[in-house]
Amino acid sequence: MSSFFEMHIMGGIQFMSVLFLILLSVIILSVLGFIQAYGKQNPNLPRLNNIVLAIRFLGGFAPVWGILGQGVGMYEACDAIQEMGDVSPAMLAGGFQVSMITVLYGLIIFLVARIFWYVLKSRLNTLSLKNS
């Protein structure tokens, strides 16, 4: 099993770095959202709503960015295969496996963001009903 850093490099630094920043943003926004939703007597509902929307956007963007990373990687791999000519099935499978790193990372970010989004959205709805 490769380390996180090795997978980051193998997945393509330009795509994996953006995905890492998205994950970091989702976590920071979620912490701010939880502080806003559960840590204050009178939470700022418009701010909480903006946080919830940002988490949803970033979570939805991550898998799309991962698929774009896979597409670019597969295009480059096909270009290299065309130049080399004959390629072994093992090498082809290894290349396909590496191309999946960005997609899997994007999907993991999507799931994390979706869980945080759901919890915060439910709390926002509850707080909105209380204030109505």
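Heads up: the structure comes first, above all this text.
Attention in this report is confined to the structure presented alongside it. (Residues numbered from 1 in each chain as written. Predicted model: local features only at pLDDT ≥ 70, side-chain atom pairs only at ≥ 80, totals over all residues. Heavy atoms only, no water.)

### Focus on the overall build of the protein
- Within the protein, the regular secondary structure consists of four helices and zero strands.
- What you see in the protein, going N to C, is helices and strands ordered as α-α-α-α.
- Against the 2.2 N^0.38 benchmark of 14 Å for 132 residues, the protein shows a C-alpha radius of gyration of 20 Å, more extended than a compact globule.
- Taken over the C-alpha atoms alone, the protein extends approximately 70 × 25 × 20 Å along its principal axes.
- Scored against the burial criterion, the 132 residues of the protein give a buried share of 30%.
- In the protein, the share of contacts with a sequence separation of at least 24, taken over all contacts with a separation of at least 6, comes to 81%.
- Carbon and sulfur atoms make up 70% of the accessible area of the protein, which amounts to about 8300 Å² in all.
- For the protein, the distance from the average site of its 7 positive side-chain charges to the average site of its 5 negative ones is 45 Å. (Helix = DSSP H or I, 4+ residues; strand = E, 2+ residues; numbered from the N terminus. Rg over C-alpha atoms; globule rule 2.2 N^0.38 Å. Buried < 20%, exposed > 50% of the residue type's maximum accessible area, 1.4 Å probe, protein only. Contact = heavy atoms within 4.5 Å. Areas by Shrake-Rupley, 256 points an atom, 1.4 Å probe, with all protein chains shown as cover. Lys, Arg positive; Asp, Glu negative; His and termini not counted. Charge placed at Lys NZ, Arg CZ, Asp CG, Glu CD.)

### Observations concerning the side chain of Thr102
- Here Thr102 is to be found in helix H4 (residues 89–131).
- On the accessibility criterion, Thr102 (1% relative accessible area) is buried.
- Within polar-contact distance, the side chain of Thr102 engages the backbone nitrogen of Gln70 at 3.4 Å.
- Ignoring any residue separated from it by four or fewer positions in sequence, one finds Thr102 in contact with Gly11, Phe15, Met16, Leu19, Gly66, Gly69 and Gln70. (Polar contact = N/O pair within 3.5 Å; in protein donor to acceptor, adjacent residues only side chain to side chain.)

### Brief notes about H4
- If you check H4, its first and last C-alpha atoms are 62 Å apart, about what 43 residues at 1.5 Å a residue would give, namely 63 Å.
- Its maximal kink placed at Ile101, H4 deviates by approximately 30°.
- Among the residues of H4, those classed as buried are Ser99, Ile101, Thr102, Val103, Tyr105, Gly106, Ile109, Ala113, Trp117, Leu120, Leu124 and Leu127.
- Looking at the buried positions of H4, the neighbouring elements they touch are helix H1 (4–10), helix H2 (13–38) and helix H3 (45–84). (Expected span 1.5 Å × (residues − 1). Bend = angle between axes of the 7 residues up to and from the residue.)

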